[in-house]
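Each chain, written out:
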Amino acid sequence: MNKEKVDPETLNSLVLAFMGDAIIETYVREAVIAGGKTKIHALHEQTVGYVSARAQSVFLHELIDHDFLTDEELDIVRHGRNAKSHSVPRNTDVQTYNFSTGFEALIGYLHFGNKRERIDEIMDKMFANHPVEGSRA
C-alpha cells in the first residue's frame, strides 16, 4: 500500500468527495453494527438513512445552522457544492446532491489533512443529532 502523503490542497473537490464518501460510509457502518443489528438487510437500510444525499444534505445544513464549521471548512464545502460532476442524480434533486457532495468533500479534505479528531467531532455530532437505532446514545 502506498503511504505517500496526499496534500488535500492539490485535489479537486470531486476527488475529495470520492474519498469522503468512503470515510463517511465506514463511520456509519461501524455505528450501525455497534447498534446491535445483525441482519444484512437491516444494516443496509439503516446505513442508507445516513449516507443518502438527502441525509447528508440535511446534516450539513444542521452543521451550518449551528455554526459548527470553521470558515476554512465552509470554503471546502462551498467548493465541493459547486463542483460540476457531469452526472445526474437518480434519487434526489441537484441542489440536495450538491450539498451532499460538499459534505463529502469536507470529510475527504479533513482525511487527507490528517485531521481525524475533527472528523470524529463532526461524525459524533451527526450521531448525537440522529442516534443510531439500538445504540446507547
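Structure report, in brief. (Residues numbered from 1 in each chain as written. Predicted model: local features only at pLDDT ≥ 70, side-chain atom pairs only at ≥ 80, totals over all residues. Heavy atoms only, no water.)

Take the packing of helix α3 (residues 53-65) against helix α5 (residues 94-112) next. For the pair α3 and α5, the least separation of the axes is 8 Å and the interaxial angle reads 65°. Here α5 runs roughly perpendicular to α3, going by the angle between their axes. In this structure, α3 crosses over α5, and the sense of that crossing is left-handed. Two secondary-structure elements touch here, α3 through Ala-53, Arg-54, Gln-56, Ser-57, Phe-59, Leu-60, His-61 and Leu-63 and α5 through Thr-96, Tyr-97, Phe-99, Ser-100, Phe-103 and Glu-104. Split into classes, the residues belonging to the contact of α3 with α5 amount to seven nonpolar, five polar and two charged. (Axes fitted to C-alpha atoms, helices over the stretch in contact; angles between N-to-C directions. Helix = DSSP H or I, 4+ residues; strand = E, 2+ residues; numbered from the N terminus. Parallel < 35°, antiparallel > 145°, perpendicular 65-115°, else oblique. Left-handed = near helix turned anticlockwise from the far one by under 90°. Contact = heavy atoms within 4.5 Å. Nonpolar A, V, L, I, M, F, W, Y, C, P; charged D, E, K, R; others polar.)

Where helix α4 (residues 71-82) meets α5, the closest approach of the two axes is 7 Å, and the angle between their N-to-C directions is 130°. Considered as vectors, α4 and α5 are oriented oblique to each other. Along this stretch, α4 crosses α5, giving a crossing that reads as right-handed. In contact with Glu-72, Glu-73, Ile-76, Val-77, Gly-80 and Arg-81 of α4, α5 contributes Asn-98, Phe-99, Thr-101, Gly-102, Ala-105, Leu-106, Tyr-109 and Leu-110.

Next up on the list: unusual backbone geometry. The backbone of Asp-67 sits at a positive phi, close to 50°, despite the residue not being glycine. Positionally, Asp-67 belongs in the loop between α3 and α4. Here the phi dihedral of Asn-114 falls at roughly 55°; this positive angle occurs in a residue that is not glycine. Position of Asn-114 relative to the elements: it lies in the loop between α5 and α6 (116-129). Here Asn-114 falls in the exposed class, since its relative accessible area comes to 58%. (Buried < 20%, exposed > 50% of the residue type's maximum accessible area, 1.4 Å probe, protein only.)

We now examine the nonpolar core. Core analysis: the biggest nonpolar cluster contains 31 residues, and Val-28, Phe-103, Ile-122, Met-123 and Phe-127 have the highest contact counts within it. Taken together, the elements giving at least two residues each to this core come down to α1 (13-34), α2 (40-51), α3, α4, α5 and α6. For Phe-103, the contacting residues outside a window of four places in its chain are Ile-24, Gln-56, Phe-59, Leu-60, Leu-63, Ile-122 and Met-123. (Core = buried A, V, L, I, M, F, W, Y, C linked by side-chain atoms within 4.5 Å.)

Take the pattern of salt bridges next. All told, the structure shown has six salt bridges when counted by the stated rule. Between Asp-75 and Arg-78 there is a salt bridge, with the nearest N and O atoms lying 3.3 Å from each other. Taken together, the residues Asp-75 and Arg-78, both in helix α4 and three residues apart, mark about one turn of the helix. Judged by relative accessible area, which is 35%, Arg-78 ranks as partly exposed. Arg-118 is paired through a salt bridge with Glu-121; the nearest N and O atoms lie 2.8 Å apart. Of this pair, Arg-118 and Glu-121 both sit in helix α6, three residues apart, which is roughly one turn of that helix. With a relative accessible area of 16%, Arg-118 lands in the buried category. Accessibility expressed as a relative area gives 40% for Glu-121, which makes it partly exposed. (Salt bridge = Lys/Arg side-chain N within 4 Å of Asp/Glu carboxyl O.)

Of the pockets and cavities examined, the largest pocket occupies roughly 530 Å³. Considering the residues around the largest pocket, the lining is formed by 21 residues, among which Val-51, Ser-52, Ala-53, Arg-90 and Tyr-97 are closest to the centre. Going through the elements one at a time, α1, α2, α3 and α5 are the ones with two or more residues in the lining of the largest pocket. When grouped by side-chain class, the residues that make up the lining of the largest pocket number nine nonpolar, eight polar and four charged. (1 Å grid on protein atoms, 1.4 Å probe; cavity = no way out; pocket = protein on both sides within 12 Å on 5 of 7 lines; lining within 4 Å. Points joined across faces, edges and corners; volume = space filled by probe spheres on them.)

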